[in-house]
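Now for the letters of each chain:
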Amino acid sequence: MEELRTYTCASCKKEFQATAASEIFCVYCGSKQPAAEPAAPGGEDRLRVLEAYKSGDYERVLRETYEGVMEKDPLLGLCRLAALYFTKREAYLAEARELRGKQGVKSALSSLFTSRNEYAESPIHMGFFNETERIMLEVAERLSFGDMGAEGEETALRLARSLLVKKSEKELGALYWPLLAIEHRCLPLLPYIERGALGELYKEYKGYYKRYQRVPNQERVLAAMKEELGLK
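Because the structure is predicted, anything quoted here is derived from the model rather than measured.

Participant: For the side chain of His125, give the residues involved together with the corresponding values.
Facilitator: Of note, His125 is situated in helix H6 (residues 123-143). Side-chain polar atoms of His125 contact the side chain of Tyr92, separated by 2.7 Å. Setting aside anything within four residues of it in sequence, one finds His125 in contact with Tyr92, Ala96, Tyr119, Ala120 and Pro178.

Participant: Go over the pairing of strand S1 (residues 4-8) with me, naming the residues and quoting the values.
Facilitator: Pairing analysis gives five bridges linking S1 to strand S2 (residues 15-19), with the strands arranged antiparallel. Bridge pairing links Thr8 to Glu15 in S2. Between the end of S1 and the start of S2, which pair antiparallel, lie six residues, with Lys13 showing a positive phi angle near 65 degrees.

Participant: Can you tell me about the layout of surface pockets, naming the residues and giving the values?
Facilitator: Empty space within the second largest pocket amounts to approximately 190 Å³. Tyr66, Glu67, Gly68, Val69, Met70, Glu71, Gly77, Arg80, Leu81, Leu84, Arg134 and Glu138 are the residues that line the second largest pocket. For the lining of the second largest pocket, the secondary structure elements donating two or more residues are helix H3 (69-72), helix H4 (74-110) and H6. It is H4 that provides the largest number of residues to the lining of the second largest pocket, a total of four residues. Looking at the lining of the second largest pocket residue by residue, the class counts come to five nonpolar, two polar and five charged.

Participant: Help me get a handle on the pattern of salt bridges, residues and values and all.
Facilitator: Considering all chains together, one arrives at 15 salt bridges under this definition. When the shortest N-O distance is used, the salt bridge between Arg60 and Glu64 registers 2.7 Å. A residue is classified by how much of its surface remains accessible, and Arg60, at 24% relative accessible area, is partly exposed. With a relative accessible area of 22%, Glu64 lands in the partly exposed category. One salt-bridge network, in which partners are shared between bridges, spans Lys88, Glu131, Arg134 and Glu138.

Participant: With reference to specific residues and values, describe unusual backbone geometry.
Facilitator: Of note, the phi angle at Lys13 is positive, near 65 degrees, even though the residue is not glycine. Here Lys13 shows up in the loop between S1 and S2. For Lys13, a relative accessible area of 59% puts it in the exposed group.

Participant: Outline the side chain of Ser162, listing residues and values.
Facilitator: Along the chain, the position of Ser162 falls in helix H7 (residues 149-164). The exposure class of Ser162 is buried, given its relative accessible area of 13%. At a separation of 2.7 Å, a polar atom in the side chain of Ser162 contacts the main-chain carbonyl oxygen of Leu159. When neighbours within four sequence positions are excluded, Ser162 is seen to be in contact with Tyr85, Phe86 and Arg89.

Participant: Quick rundown of the packing of H6 against H7? Include the residues and the values.
Facilitator: One can describe the packing of H6 onto H7 by two numbers: an axis separation of 11 Å at closest approach and a directional angle of 160 degrees. Between H6 and H7, the angle is such that the two are roughly antiparallel. Judged by the sense of rotation from one axis to the other, the crossing of H6 with H7 is left-handed. Contacts between H6 and H7 pair Thr132, Met136, Val139 and Leu143 from the former with Gly152, Ala156, Leu159 and Leu163 from the latter.

Criteria and cut-off values
- Residues numbered from 1 in each chain as written.
- Predicted model: local features only at pLDDT ≥ 70, side-chain atom pairs only at ≥ 80, totals over all residues.
- Heavy atoms only, no water.
- Helix = DSSP H or I, 4+ residues; strand = E, 2+ residues; numbered from the N terminus.
- Polar contact = N/O pair within 3.5 Å; in protein donor to acceptor, adjacent residues only side chain to side chain.
- Contact = heavy atoms within 4.5 Å.
- Pairing = 2+ DSSP bridges.
- 1 Å grid on protein atoms, 1.4 Å probe; cavity = no way out; pocket = protein on both sides within 12 Å on 5 of 7 lines; lining within 4 Å.
- Points joined across faces, edges and corners; volume = space filled by probe spheres on them.
- Nonpolar A, V, L, I, M, F, W, Y, C, P; charged D, E, K, R; others polar.
- Salt bridge = Lys/Arg side-chain N within 4 Å of Asp/Glu carboxyl O.
- Buried < 20%, exposed > 50% of the residue type's maximum accessible area, 1.4 Å probe, protein only.
- Axes fitted to C-alpha atoms, helices over the stretch in contact; angles between N-to-C directions.
- Parallel < 35°, antiparallel > 145°, perpendicular 65-115°, else oblique.
- Left-handed = near helix turned anticlockwise from the far one by under 90°.

Interpretation in functional terms is not warranted from these geometric data alone.
Quick look at the structure:
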């Protein structure tokens, strides 16, 4: 059974539900909706989307919102952006692991004839890096309006934590360095994290690695956190 979506009639302005189709007609006035745009989820539907976001059901958030929802409901738009990042992250991890697995013996054999590393040179890495940067910048830009309150702070923290989570080379294997390389993408979010939460994140992140183990990328993140917190 196809999922029902909520639309706003271009003629009578009433909201109605219909399945996604190339031609949609208003159930009240019968007028055809040539450029019908789904309305932002409201009431209980909106609450369900927010609850799905809080519980980490990002696929549902994407399924029940649409790309332009930010203009009608900034909070839902922010949730959609975050959900987009998390789903892209999972897709990237799965694709990278699959690629690495396929390389296996093939890589060992090809190394006898060439120095190329298909896994390292795959465009999936740069594609994910660029998407991560774009989404974080877009989230930060929206938060700069200052109208998101605690929900905006929580989203900034959730995204930053996902980038700065402690990583194990033993567990991640070849994914360790790519994920380490994008930790600084959290920088635009730092000004929008509640100070107490940022202080806790700073302490956690600083304790993940001894100083001699940190790469310049991580020192850059720590320096930015210290500046935001006013630490010397």
